[in-house]
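Secondary and tertiary structure notes
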Amino acid sequence: MPTSSSPDLRSLIRDIPDYPKPGILFRDISPLLGDPAAFSDAVRQLAEPYRDQQIDLIAGAEARGFILAAPMAVELGAGFVPIRKPAKLPFETHSIDYQLEYGTDSLEIHVDAVKPGQRVLLVDDLLATGGTAEACSQLLTQAGADLAGCAFLVHLMGLGGADRLAPLEIFSLIHYEEST
């Protein structure tokens, strides 16, 4: 929970209209990441609900998911699992193809990144339509993970991402009522 001396995280998210295409309002977390107190507070707040949940690994999706997932792993005394775009990992991988709004994409993890039954928390910067998070959760399940839930810095509530991740528990710090 934020304290009276905590930075106002929402005020440090910059709105960029018409990016990456007309009609999209991009929520840019760069100013928050550039503020050491806010970044630290965001990581602490995201980790808080999971402190007593025996999380073994934190998984983060390339690339902005890495920014939050790695320090959360340190905060919770857990390992970190990078979920990467194709051909970025040097060892044998599990792979998944998934639909994006404008095509398809793929994600990969090392085959030995998760031991069967390890409790894994999926972390990313933002939940919108949920396509990437859904693909990550499927990939982690394929690898044998026991998914503890998903944590996001920002949740664009009206875009259906949480529905795609059900029945996984979703935790997020900042909510917007976006519907487009």
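We now turn to the structure provided with this report. These numbers were taken from a predicted model, which means no experiment stands behind them. (Residues numbered from 1 in each chain as written. Predicted model: local features only at pLDDT ≥ 70, side-chain atom pairs only at ≥ 80, totals over all residues. Heavy atoms only, no water.)

**Brief notes about the overall build of the protein**
Let me state the cut-off plainly: A run of H or I in DSSP becomes a helix once it reaches four residues, and a run of E becomes a strand once it reaches two; helices and strands are each numbered from the N terminus. Relative accessible area decides the class of each residue, using a 1.4 Å probe on protein chains only: under 20% of the type maximum gives buried, over 50% gives exposed, and in between gives partly exposed. Residue contacts follow a heavy-atom distance rule, with two residues in contact if any of their heavy atoms lie within 4.5 Å. Each accessible area is a Shrake-Rupley estimate made with a 1.4 Å probe; only the visible protein chains count as cover when residues are assessed. In this count, Lys and Arg are taken as positive residues and Asp and Glu as negative ones, while His and the chain termini are left out. In this description, the location of a charge corresponds to atom NZ of lysine, CZ of arginine, CG of aspartate or CD of glutamate.
Within the protein one finds five helices and nine strands. Listing every helix and strand of the protein by position from the N terminus yields β-β-α-α-β-α-β-β-β-β-α-β-α-β. Dimensions of the protein along its principal axes, counting C-alpha atoms only, are 40 × 40 × 30 Å. The buried share among the 180 residues of the protein stands at 42%. Once local pairs closer than 6 in sequence are excluded, the contacts in the protein between residues at least 24 apart make up 55%. Just so you have it, the protein exposes about 8,900 Å², and 53% of that area is on carbon and sulfur atoms. Each charge class in the protein was averaged separately, 13 positive and 25 negative side chains, and the resulting centres sit 3 Å apart.

**A closer look at unusual backbone geometry**
A cis geometry characterises the amide bond from Tyr-19 onward to Pro-20, with omega recorded as 5°. Put simply, Glu-62 and Ala-63 share a cis peptide bond, and its omega is -5°. Relative to the helices and strands, Ala-63 is located in the loop between strand 3 (57–61) and helix 3 (64–76). If you check the backbone angles, Gln-54 has positive phi at about 50° while not being a glycine. Within the secondary structure layout, Gln-54 lies in the loop between helix 2 (36–47) and strand 3.

**What to know about the sheet that holds strand 9 (residues 170–176)**
To keep things clear, this is the line we draw: Should DSSP find at least two bridges between two strands, the strands are taken to pair. Whenever a helix is involved, its axis is fitted only over the stretch in contact; in every case the axis is a line through C-alpha atoms, and angles between N-to-C directions fall within 0 to 180 degrees.
Pairing is parallel in the open sheet, where five strands are placed in the order 4-3-7-8-9. Looking at strand neighbours, the two that pair on one side only are strand 4 (79–83) and strand 9, the edges of this open sheet. Each strand axis lies, on average, 20° off the axis of its neighbour in the sheet, ignoring direction. In terms of strand pairing, strand 3 meets strand 7 (residues 119–127) through four bridges, oriented parallel. If you follow Gly-60 over to strand 7, its bridge partner there is Val-123. Contacting strand 8 (146–156) and strand 9, helix 2 runs over the sheet at an angle of about 135° to strand 9. Sitting on the sheet, helix 4 (residues 131–142) is in contact with strand 3, strand 4, strand 7 and strand 8, with an inclination near 165° to strand 7.

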